[in-house]
Amino acid sequence: CVMAGDLRPYWQSADGAIVIYHGDMRELCASLRADAVVTDAPFGIADDAVLSAQPEKRRGANNTWHPTSEWDKNFDPAWCRAACEAAPVVAWFGHRTKARLVEDATPLPLRAEIVWAKNVHTSPPTPIAYRDERIWVFSRNAIVPQHFETTVWDEPVIPTWEHKYHKNQKPERLMSRLVRWVAAPSWTILDPFMGSGTTLLVCQKLGRRCIGIDESREHCDTAIGRLGAVTAARAAESVGPLFSQRY
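Computed from a predicted model, the values in this text were never measured in an experiment.

A description of the overall build of the protein chain should follow, citing residues and the corresponding values.
In terms of helices and strands, the protein chain carries six helices and 11 strands. A sequence separation of at least 24 residues applies to 75% of the contacts in the protein chain between residues at least 6 apart. Split by element, the accessible area of the protein chain, about 12,800 Å² in all, is 51% carbon and sulfur.

Here it is as structure tokens:
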């Protein structure tokens, strides 16, 4: 991690490999430098439950809705500009309907689009279950992935019956696959919308350096709790690639 200014971390691991900042990423990214950004800006999330003829049928003590938030209702182009200022490679999650917004706001060229094909746990009365989410990879120069991959990733979601620390939490397996594909082992990863800290958790398990930013103190504390529950020596679950050779 290279700091362009005088910053005080909210928390960092004993070895300094994992660092958390509490604040606005648009301000903090101006003073932070990393090798790659891996993030999922949670804008446009619907906080209301899916309409159902039998809403009382919703079960599960751990499957409650997270508090409604207002800041993530609209997309801010400054997020993309700040991310690109902090790193030369940016991997950004989003729905296909947001592709033009994100691409137009990002000053780096779009190099690849990954389709995350989910195993969706939904049923009627939902009229259609969207299985796809996008990961757009932007970079200053041509990307040099660490191994061969395809553009469609069949990766499971977090089951609806499992506890989630964040309403937009991503599976560890998916994030591990993305980090290991887009970033060299020596790189520092930055997640400026870290939420509950899954990207940081994956990097900790892989023995990599990672910086996390979040505006919510509650999310920062949640991430710290999750990071404290594992050790850096623990290996992340192995995923892919289809072929082992590099090119």
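Can you explain the side chain of arginine 226? Please cite residues and give values.
For arginine 226, the position within the fold is in helix H6 (residues 217–227). Its relative accessible area of 9% is what places arginine 226 among the buried residues. Side-chain polar atoms of arginine 226 contact the side chain of threonine 198, separated by 3.0 Å. Sequence-distant contacts of arginine 226, defined by excluding residues within four places in its chain, comprise Tyr165, Gln169, Glu172, Ser196, Gly197, Thr198 and Leu201.

Mind laying out the nonpolar core, listing which residues take part and the relevant values?
Of all hydrophobic cores here, the largest spans 33 residues; its most connected members are Ile20, Leu178, Trp181 and Ile189. Counting residues per element, the ones that place at least two in this core are strand S3 (18–22), strand S5 (36–39), strand S6 (89–94), strand S7 (110–117), strand S8 (132–139), helix H4 (172–182), helix H5 (198–206) and H6. With residues up to four places along the chain from it excluded, the contact list for tryptophan 181 reads Ala112, Ile114, Val137, Ile143, Pro145, Gln146, His147, Glu149 and Trp153. Leu7, Phe75, Ala83 and Ala87 belong to the second-largest nonpolar core, a separate cluster that totals 29 residues.

Provide a residue-level description of the sheet that holds S7, including the pertinent values.
Across the sheet, nine strands lie side by side as S2-S3-S11-S10-S5-S6-S8-S7-S9; this open sheet has mixed pairing. If you trace the sheet from one side to the other, it starts and ends with strand S2 (11–12) and strand S9 (152–154), each paired once. Two strands pair when backbone bridges link them, and S3 and strand S11 (residues 209–214) are joined in this way by five bridges, in the parallel orientation. Counted as the bridge partner of isoleucine 20 is glycine 212 from S11. Across the sheet, H4 lies against S5, S6, S7, S8, S9 and strand S10 (188–191), angled at about 145° from S9, the strand it touches most.

Cut-offs and rules
Residues numbered from 1 in each chain as written. Predicted model: local features only at pLDDT ≥ 70, side-chain atom pairs only at ≥ 80, totals over all residues. Heavy atoms only, no water. Helix = DSSP H or I, 4+ residues; strand = E, 2+ residues; numbered from the N terminus. Contact = heavy atoms within 4.5 Å. Areas by Shrake-Rupley, 256 points an atom, 1.4 Å probe, with all protein chains shown as cover. Buried < 20%, exposed > 50% of the residue type's maximum accessible area, 1.4 Å probe, protein only. Polar contact = N/O pair within 3.5 Å; in protein donor to acceptor, adjacent residues only side chain to side chain. Core = buried A, V, L, I, M, F, W, Y, C linked by side-chain atoms within 4.5 Å. Pairing = 2+ DSSP bridges. Axes fitted to C-alpha atoms, helices over the stretch in contact; angles between N-to-C directions.

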